[in-house]
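Structure at a glance
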Amino acid sequence: MSNPCLLAALATVPDPRSRQGRSFPFPPIFALLVVGVLLGRRLPGAIAQLADEYGGDFALLLGFPRRRLPTTSTLSKLLPRIDVLELEAVLRNWIATRLSPDDTLVVNVDGTCVRGSAHRSAQRPGVHLLPAFAPRVQAVLAQLRVDTKTNEHKAALELLNILPSRRGGCIVTGDAMFTQTEVCQAIRDRNDDYALVVKGNQPALAVDTDAGLAFAAQAATFPPPKGACRRRNRRPAHGSREQPRRDTVELSTGRWRARRS
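Residues numbered from 1 in each chain as written. Predicted model: local features only at pLDDT ≥ 70, side-chain atom pairs only at ≥ 80, totals over all residues. Heavy atoms only, no water.

1. Focus on the overall build of the protein chain
Keep this limit in mind: Comment: elements are numbered from the N terminus, with helices defined as DSSP H or I runs of at least four residues and strands as E runs of at least two. For each residue, the accessible area found with a 1.4 Å probe, counting protein chains only, is set against the maximum for its type, and the residue is called buried under 20%, exposed over 50%, and partly exposed in between. By the convention used here, residues are in contact when the closest approach between their heavy atoms is within 4.5 Å. Each accessible area is a Shrake-Rupley result for a 1.4 Å probe, and residues are judged covered by the shown protein chains and nothing else.
Scanning the protein chain from N- to C-terminus turns up 10 helices and eight strands. The burial tally for the protein chain puts 28% of its 261 residues in the buried class. Put simply, 50% of the contacts in the protein chain that link residues at least 6 apart link residues at least 24 apart. Approximately 17900 Å² of the protein chain is accessible, and the part contributed by carbon and sulfur atoms is 53%.

2. Focus: helix 8 (residues 152–162)
Since there are 3.6 residues in each turn of an α-helix, residues three or four apart along the chain are aligned in direction. Rule in force here: As used here, the arc belongs to the directions running from the helix axis to the C-beta atoms.
Regarding helix 8, the residues found buried are Glu152, His153, Ala155, Ala156, Leu159 and Leu160. Here the buried residues of helix 8 occupy an arc of 150° about the axis, which is enough to place them on one side. Each element contacted by the buried residues of helix 8 is listed here: strand 1 (105–109), strand 3 (128–134), strand 4 (139–146) and helix 9 (181–189).

3. A closer look at the packing of aromatic side chains
Where we set the bar: The criterion for an aromatic pair is that two Phe, Tyr or Trp rings (for Trp, the six-membered ring) have centres within 6.5 Å, with stacked assigned to planes under 30 degrees apart, edge-to-face to planes over 60 apart and tilted to the rest.
Enumeration according to the criterion identifies three aromatic pairs in this entry. Relative to Phe58, the ring of Tyr54 lies with its centre 5.3 Å away and its plane at 35°, an arrangement referred to as tilted. The partly exposed category is assigned to Tyr54, whose relative accessible area is 45%.

4. A few points about unusual backbone geometry
Although it is not a glycine, Gln138 adopts a positive phi angle of roughly 55°. Tracing the backbone through its elements, the reader meets Gln138 in the loop between strand 3 and strand 4. For Asn191, which is not a glycine, the phi torsion comes out positive at approximately 65°. Checked against the element boundaries, Asn191 lands in the loop between helix 9 and strand 6 (193–196).

5. Here we look at the side chain of Asp192
Which entries qualify depends on this criterion: Residues adjacent in sequence count toward polar contacts only when both atoms are side-chain atoms; beyond that, a polar contact is any pair of N or O atoms within 3.5 Å, and within protein one must be able to donate a hydrogen and the other to accept it.
Mapped onto the fold, Asp192 is located in the loop between helix 9 and strand 6. Within the local environment of Asp192, its side chain forms a polar contact with the backbone nitrogen of Cys170, the two atoms lying 3.0 Å apart. Each residue touching Asp192, except ones within four places of it in the same chain, is listed here: Gly169, Cys170 and Ile187.

6. A closer look at the packing of helix 8 against helix 9
Rules: Only the stretch in contact is used when fitting a helix axis, every axis being a line fitted to C-alpha atoms; angles between N-to-C directions are given from 0 to 180 degrees. Orientation labels follow simple angle bins: below 35 degrees gives roughly parallel, above 145 gives roughly antiparallel, 65 to 115 gives roughly perpendicular, and whatever is left gives oblique. For this scheme, ten residues count as nonpolar: Ala, Val, Leu, Ile, Met, Phe, Trp, Tyr, Cys and Pro. Four count as charged, namely Asp, Glu, Lys and Arg, and the remainder, Gly too, count as polar.
Interaxial distance between helix 8 and helix 9 falls to 9 Å at its minimum, and their mutual angle equals 10°. When the axis of helix 8 is compared with that of helix 9, the two are roughly parallel. The segment helix 8 lies against helix 9, with His153, Lys154, Leu157 and Leu160 engaging Glu182, Val183, Ala186 and Ile187. For the contact of helix 8 with helix 9, the per-class residue count stands at five nonpolar, one polar and two charged.

7. Considerations on the nonpolar core
Heads up, the condition is: Side-chain atoms within 4.5 Å are what join buried Ala, Val, Leu, Ile, Met, Phe, Trp, Tyr and Cys residues into a set we call a nonpolar core.
Counting residues in hydrophobic clusters, the biggest one holds 25 residues, and the most contacted among them are Val107, Leu130, Leu141, Leu159, Leu163 and Phe178. Of all elements in the fold, only strand 1, strand 3, strand 4, helix 8, strand 5 (170–174) and helix 9 reach the threshold of two or more residues within this core. For this core, the element with the most residues is strand 4, which contributes five residues. Setting aside residues no more than four positions away along its own chain, Phe178 makes contact with Val109, Asp110, Leu130, Glu152, His153, Ala156, Val183 and Leu196. Ranked by size, the runner-up nonpolar core spans 23 residues in total, among them Ala9, Leu33, Ala59 and Leu69.

8. Side note on the pairing of strand 4
Here is the rule: At least two bridges found by DSSP between two strands are what make those strands a pair.
For strand 3 and strand 4, the ladder comprises seven bridges, and the chain directions are antiparallel. By the bridge assignment, Leu130 is partnered in strand 4 with Leu144. The loop that links strand 3 with its antiparallel partner strand 4 comprises four residues; one of these, Gln138, has a positive phi angle of about 55°.

9. Brief notes about the environment of Val37
Within the secondary structure, Val37 sits in helix 2 (residues 26–38). Through-space distance from the C-alpha of Val37 to that of Ile47 is 8.1 Å; in sequence the pair is 10 residues apart.

10. Side note on the environment of Thr179
Topologically, Thr179 is positioned in the loop between strand 5 and helix 9. Along the primary structure Thr179 and Gln202 are separated by 23 residues, whereas in three dimensions their C-alpha atoms are 8.0 Å apart. The residues contacting Thr179, other than those within four sequence positions of it, are Leu196, Val197, Val198, Gln202 and Leu205. Polar contacts involving the side chain of Thr179 include one to the main-chain carbonyl oxygen of Val197, which spans 2.4 Å.

11. Focus: the pairing of strand 1
Only one face of strand 1 is buried, namely the one carrying Leu105, Val107 and Val109, since none of Val106 and Asn108 on the opposite face is buried. Where strand 1 and strand 5 come together, five bridges link them in parallel fashion. Paired with Val107 across the bridge in strand 5 is Val172. The pairing of strand 1 with strand 3 spans two bridges and is classified as antiparallel. Residue pairing in the sheet places Asn108 in a bridge with Phe133 of strand 3.

Take a look at the structure:
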């Protein structure tokens, strides 16, 4: 079974309009929005101007039954009514179909503020999002809107619940604010791995990490154990049992020491 195209996936998003108010079909409107965003158009008015720039054939290529596109007013009224959670779920599942389920995927969790959402004159903070971004496919697999009073590491726990599970697993990366016991345990509960930054917010963990890395670097310079002997092929005396000889290595005062028993 082939993977569905993006337009077919977007067609499953519920249309919020009544049957009497559907002057334009819903899937072509999504196609228009996707093309507009790819062209750098962020506002409904700029997207509606594509009709003047590309002509009526452009509307037919997108799937509209007539050679005209929705107006700025139509797009402005329709966009706030679209179910955002349903749309994100459809996009999340569509992206999952484009990935090999057996490959391990690196997912970066990092908060960001939507450009242009903050207004200093009105003293209104910007819209803060917490996305799970996959650099290899350049796509957001899941995201949440974070309230100004909510800690990002608390929102990360909810984000991990909606992040699609993968057979090949994920490696979740993030800043030091996500280096919390709850977040790490939630990642392990998903059978995923993590690579998180350790800073001053976890002083004991930072000391242990530095000590472990320093010891690993020093251990790599240790000489191999000496006095290792090979077993000789000899037959045991009649009626006797040969005791196997074992070569063991123990660590003593930072140096390798061989012991034969």
